[in-house]
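In case you want the letters, here they are:
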Amino acid sequence: MRINEGCLILVVEDHPAIAELIGECLEIGGYEVDFARDGVEALRLLGESNYDLVILDRSLPRLDGINVCRRIGEKQGKAPPILMLTAHDALEDKVTGLEAGADDYLTKPFAADELRARVAALLKRSRREVAGSVLKVADLELDVETMQVRRGGQEIHMTPTALRILTLLMRQAPRVVSREEIVRAVWMGEEPESDSLRSHVYQVRRAIDGDSDRPLLHTMVTAGYKIADLGPMVASSPDASGLAESGAR
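Now for a quick tour of the structure. (Residues numbered from 1 in each chain as written. Predicted model: local features only at pLDDT ≥ 70, side-chain atom pairs only at ≥ 80, totals over all residues. Heavy atoms only, no water.)

The next subject is the overall build of the protein. For the protein, the count of helices and strands is nine helices and 11 strands. Considering only residue pairs separated by 6 or more positions, the protein has 58% of its internal contacts joining residues 24 or more positions apart. Surface accessibility of the protein: about 12,900 Å² in total, with carbon and sulfur atoms responsible for 48%. (Helix = DSSP H or I, 4+ residues; strand = E, 2+ residues; numbered from the N terminus. Contact = heavy atoms within 4.5 Å. Areas by Shrake-Rupley, 256 points an atom, 1.4 Å probe, with all protein chains shown as cover.)

Here it is, written out as structure tokens:
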């Protein structure tokens, strides 16, 4: 039995030649593949079968990829991870796709090896979520199915970008996550505007730590950031925190 046999992927692509190439690439990797030619057909198939992953072209007839993403996110139950394909490589296009519910973004043209690597990474992440859908560090909890955040039982509301940063840090906790890793995961490798990362990390810190004497988000000078329960004695003064963040930029 091939390693990925039984793993069903829906490819939503209106260009037959591209769809065929993607299908061949996935079948070589041992995946089972279904196809949809537009957004309406994709939603119909998603209502009939349980897919492990969706590869979704952004530009589709009848219903585009952004709206398909949103419709999938509105459905009850756990949605399959979505890899969005597009010919648009502008940062704002990628951000729009991610905020609509895409889990990853791949720009055309792409190499077959990169497509399979991204598919494997998304499936691995999804399987971890099924095994344990709530990430916990001390009294901080993140439900990766509902994307709800709580600390000490109190619900915390965050912007989409701050939430993606927190999710990455909690998945890797207590490992230090470098600035470059965050940029790759959140901004798809595109360098954000000056001080944008620092600003979003500040939003995460303010949301989960506030005035707590037991901070969980820590800036590691020149190294990056990490989520860890290091105890109340780790709390630093505002001046020290500012210097640490400056060093991690």
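Continuing now.
Looking now at unusual backbone geometry. In this model, Lys 108 is joined to Pro 109 through a cis peptide bond whose omega is -10°. Within the secondary structure, Pro 109 sits in the loop between strand 5 (104–107) and helix 5 (112–131). Of note, Arg 62 is a non-glycine position whose phi angle comes to about 70°, a positive value. Relative to the elements of secondary structure, Arg 62 occurs in the loop between strand 3 (53–57) and helix 3 (65–74). Residue classification places Arg 62 among the exposed positions, given a relative accessible area of 64%. Positive phi, normally seen in glycine, also occurs at Ala 138, with a value near 55°. Considering the arrangement of structural elements, one finds Ala 138 in the loop between strand 6 (134–137) and strand 7 (140–143). Residue Ala 138 is classed as partly exposed on the basis of its relative accessible area, which comes to 46%. (Buried < 20%, exposed > 50% of the residue type's maximum accessible area, 1.4 Å probe, protein only.)

Take the pairing of strand 6 next. Working note: regular strand, side chains alternate between the two faces of the sheet. Side chains Leu 135 and Val 137 project from strand 6 onto a buried face, and the interleaved Val 134 and Lys 136 project onto a face without burial. Count of turn residues in the strand 6/strand 7 antiparallel hairpin: two residues, of which Ala 138 carries a positive phi of about 55°. (Pairing = 2+ DSSP bridges.)

Take Thr 167: it is sitting in helix 6 (residues 160–172). Judged by its relative accessible area of 8%, Thr 167 falls in the buried class. Among residues more than four places away in sequence, those in contact with Thr 167 are Leu 135, Leu 142 and Met 147.

Within the sequence span of helix 3, burial applies to Gly 65, Ile 66, Val 68, Cys 69 and Ile 72. Looking straight down helix 3, one finds its buried side chains confined to an arc of 165°; they lie on one side. Residues of helix 3 that are buried in the fold lie against helix 2 (39–48), strand 3, strand 4 (82–86) and helix 4 (91–100). The N-cap residue of helix 3 is Asp 64: its side-chain oxygen and the backbone nitrogen of Ile 66 are 3.3 Å apart. (Arc of directions from axis to C-beta. Polar contact = N/O pair within 3.5 Å; in protein donor to acceptor, adjacent residues only side chain to side chain.)

As a further point, take the sheet that holds strand 8 (residues 148–151). Note: strands within a sheet are paired through backbone hydrogen bonds, in either parallel or antiparallel orientation. Spatially, the four strands line up as an open sheet ordered 6-7-8-9, and their pairing is antiparallel. The strands lining the two open edges of the sheet, one partner per strand, are strand 6 and strand 9 (154–156). For this sheet, the mean inter-axis angle between neighbouring strands, taken without regard to orientation, is 25°. Pairing analysis gives three bridges linking strand 8 to strand 9, with the strands arranged antiparallel. Bridge pairing in strand 9 links Val 149 to Ile 156. (Axes fitted to C-alpha atoms, helices over the stretch in contact; angles between N-to-C directions.)

These values are about where atoms sit, not about what they do.
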